[in-house]
Amino acid sequence: MKYRAALVVLSDRAASGERPDECLPIMKERLGAAYEIVHERVIPDDPSALQAQMVDICDRNVASLILTSGGTGLSPRDRTPQATAAILDYEVPGIGEAIRSFALKNVRSAMLSRAIAGVRHRTLIVNLPGSPRAVGESLDAIVPVLPHAIELLNDEVPDG
């Protein structure tokens, strides 16, 4: 079974063409053949634009998974968690905790990530950090449980 995924990278410099985005290829590689990428964008660090994309994807049931990259740190422009939280039906705190816990083994500054995860309708949304290395490590931590989460959201897990 192929799962549908949407990928959104938030980066002022990559969106303006000042530097190439390196996160989308890592996201696609880590998701692998089990996922059909139905939407991929690089946008500026703009919470309103991110919210509009996430709401559209979720409300039209375009994807069962949205991964965002960037905007999860402490700088004044890092507003991805707030933008995400504002449109969620509910949070799934264990995903963000797992990402930070996994990364802390190698990078002490991982504790500064404010990335969150949650659900809108039947779409799981996960914020990832903005560096390519951190994106890969984060996905290494959570990819094994994503199919089960998506199946639960779609009532595809048998009782028992």
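All of these numbers come straight from a predicted model, not from anything done at the bench.

Draft legend 1. Highlighting a nonpolar patch on the surface. On the surface, L74, M111 and L112 cluster together into a nonpolar patch covering about 310 Å² of accessible area. Mapped onto the elements of the fold, M111 is located in the loop between α5 (93–104) and β5 (117–120). Relative accessible area serves as the criterion here: at 47%, M111 is assigned to the partly exposed category.

Draft legend 2. Spotlight on the sheet that holds strand β4 (residues 90–91). Taken in spatial order, the six strands line up as β2-β1-β3-β6-β5-β4 in an open sheet, and their pairing is mixed. Each edge of the open sheet is held by one strand with a lone partner, namely β2 (35–43) and β4. Relative to strand β3 (residues 65–69), strand β1 (residues 3–10) runs parallel, the two sharing five bridges. If you follow L7 over to β3, its bridge partner there is L67.

Draft legend 3. Local environment of the environment of L65. The residue L65 is located in strand β3 in this model. The class for L65 is buried, based on a relative accessible area of 0%. Here L65 is in contact with R4, A5, A6, L31, Y35, T123, L124, V126, L146 and I150, once residues within four sequence places are set aside.

Each value, and the rule that gives it
- Residues numbered from 1 in each chain as written.
- Predicted model: local features only at pLDDT ≥ 70, side-chain atom pairs only at ≥ 80, totals over all residues.
- Heavy atoms only, no water.
- Patch = residues over 30% accessible without salt bridge, like charges linked within 9 Å, V, L, I, M, F, W, Y side chains within 5 Å.
- Areas by Shrake-Rupley, 256 points an atom, 1.4 Å probe, with all protein chains shown as cover.
- Salt bridge = Lys/Arg side-chain N within 4 Å of Asp/Glu carboxyl O.
- Helix = DSSP H or I, 4+ residues; strand = E, 2+ residues; numbered from the N terminus.
- Buried < 20%, exposed > 50% of the residue type's maximum accessible area, 1.4 Å probe, protein only.
- Pairing = 2+ DSSP bridges.
- Contact = heavy atoms within 4.5 Å.

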